[in-house]
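Per-entry structural report
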Amino acid sequence: MNTQNDPQAVVIGAGPAGSYTALQLAKRGIKTVVYEEHNQIGLPSHCAGHISIRSLKTLGLYPLEGIVENTFCAANFYSPQGTKFTLHLNCPVTAVLNRTYFDQYLAKQAQNAGAEFILNSRVQSLLIQRGTVTGLKVKTNDTNIHLNTPIVVDTEGVSSRLLRQTGLTPLKTSGLVYAIETEMNNVENVEEHAVEVYFGRNYAPGFYGWIIPKPDGTAKVGLATNQGDPRNYLRRLMIKHPVASKQLSKAKILSANYHAISLGGPIPQACSNGFLAVGDCASQVKPTTGGGVIFSLTAAKEAANTASQALTMGDVSVETLITYQKRCTELFSFDFKTMLQLRHFLDSLSDEKLDEMLRVCSKLGVDKALSGVTEIDFQGKMLLSVATKPAMIAALVYFGLLYLHHS
Ligand SMILES: Cc1cc2nc3c(=O)[nH]c(=O)nc-3n(C[C@H](O)[C@H](O)[C@H](O)COP(=O)(O)OP(=O)(O)OC[C@H]3O[C@@H](n4cnc5c(N)ncnc54)[C@H](O)[C@@H]3O)c2cc1C
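We now turn to the structure provided with this report. This one's a predicted model, so the numbers in the text were calculated from it and none came from an experiment.

1. Points about the pairing of strand β5 (residues 74-78)
When β5 meets strand β6 (residues 84-88), the two strands line up antiparallel, connected through 5 bridges. Bridge pairing in β6 places Phe77 opposite Phe85. Once β5 ends, the chain turns through 5 residues before running back antiparallel as β6, passing Gly82 with a positive phi of about 100°. Where β5 and strand β14 (residues 194-198) come together, 5 bridges link them in parallel fashion. Following the sheet pairing, Phe77 is matched in β14 by Val197.

This is the structure:
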């Protein structure tokens, strides 16, 4: 039984998905409480914070002064043999954010709109009665409390521990890659406004490595892999890769964090009675690049919309909350399907084929065909928009043959 003092919605976790959901709920006048297990928002930070400028603008979240660390209009892709394919875009398309500041900014916006944040408080479990989530058990400052609420929004991130309690199908563990994200100084031979990307089974099986330079001479350097320890792969990249080894020969690791990324595509259903899942815990992450911030924020807005309607109707059953699922399917489904195919394709390539692919991309002028691209999140729609250019047709035929040959 809910009382007047109980919140109308509780959000689990103050990452971008949680704070943005709380902001959207509070803006709609819904009494919202966010529980975050850490005692500071945005720390520890595990994310590179490399985000599309266009998507941030669409969400009304740009220019983010003091949070944007650099912007990029180029990317250099390397094969394990060092073959380089460069993509120059007509204008800055991505920005790298200080993720700690970004998370704190979103939380502040939510607080200003009326949401309450309670830190140092870990949600231990969901309270479920006759198949409906009715509240949660929280350990806050060493005290266990039980709290009732009509709607729980789970944004606990990739662990997705609580989501499992609802009986929803959790993210696929086979789709997880394990990442190391570092800050380094003394990184050499990189362009200030270009991101470096390293492919190859020898260096980053199942994903890639990256250098994201910052104007102060430091860089975010990381790598993820679907096997072994990412630290060992990063060491190998730094010592053996024909290009990265030169760029990183004098680099010093200033800090390092470890975290998983879910590349398996969204979970089949992200809502049940009294319950919505948003962000990494629902695997709303790009299977190609591991970018999850924009999809989390976009889904957060939809979740808040649906929750608000459900509260107005006094019906938080899955029959009402399914609107959220339908909206996510409408918005993301085509892009996720395309990106899953692309991930499958990239994973199927040997190091030799990767090398050949980057050579072919340069020869066919794929860089010119893509130079006007401003959309990097919704990659299915982006590919459709350039698919009629001759260089892209040739490249797609070539990739198609490669794919058929290797799948
Ligand atoms: C190495 C790496 C690099 C990445 N780089 C990029 C990138 O460049 N661009 C991009 O878009 N994405 C990137 N991502 C992905 C991005 O970090 C995530 O998609 C994004 O953080 C998802 O936000 P979220 O709010 O769903 O989860 P999170 O950011 O993980 O937030 C979850 C929050 O919930 C809290 N929490 C968890 N359990 C509980 C509990 N039981 N009780 C209370 N609080 C709890 C956690 O402390 C945390 O604060 C990267 C990920 C990794 C690992």
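2. Digging into the sheet that holds β5
Within the open sheet, the 7 strands sit side by side as β6-β5-β14-β15-β16-β13-β17. Their pairing is mixed. In this open sheet, the two edge strands, each paired with only one partner strand, are β6 and β17 (252-262). Between one strand and the next, the sheet's axes are offset by a mean angle of 15°, whatever the strand orientation. Direction of pairing for strand β13 (residues 176-185) relative to β17: antiparallel, over a ladder of 10 bridges. Counted as the bridge partner of Tyr178 is Ala260 from β17. The sheet contacts of helix α4 (residues 230-240) involve β13, β14, β15 (209-213) and β16 (219-225), and relative to β16 the element is tilted by about 120°.

Conventions adopted
- Here, residues in each chain are numbered from 1, in the same order as that chain's written sequence.
- Note on the predicted model: pLDDT of at least 70 is required for a residue's local features to be given, and 80 or more for side-chain atom pairs to be given and counted; whole-chain, interface and lining totals, by contrast, use all residues.
- In this description, strands pair whenever DSSP reports at least two bridges between them.
- Segments assigned H or I by DSSP are reported as helices when at least four residues long, segments assigned E as strands when at least two residues long, and all are numbered from the N terminus.
- The angle between two axes is taken between their N-to-C directions and runs from 0 to 180 degrees, where each axis is a line fitted to C-alpha atoms and a helix contributes only its stretch in contact.
- Residue pairs qualify as contacts under a 7 Å threshold applied to their C-beta atoms, which are placed from the backbone.

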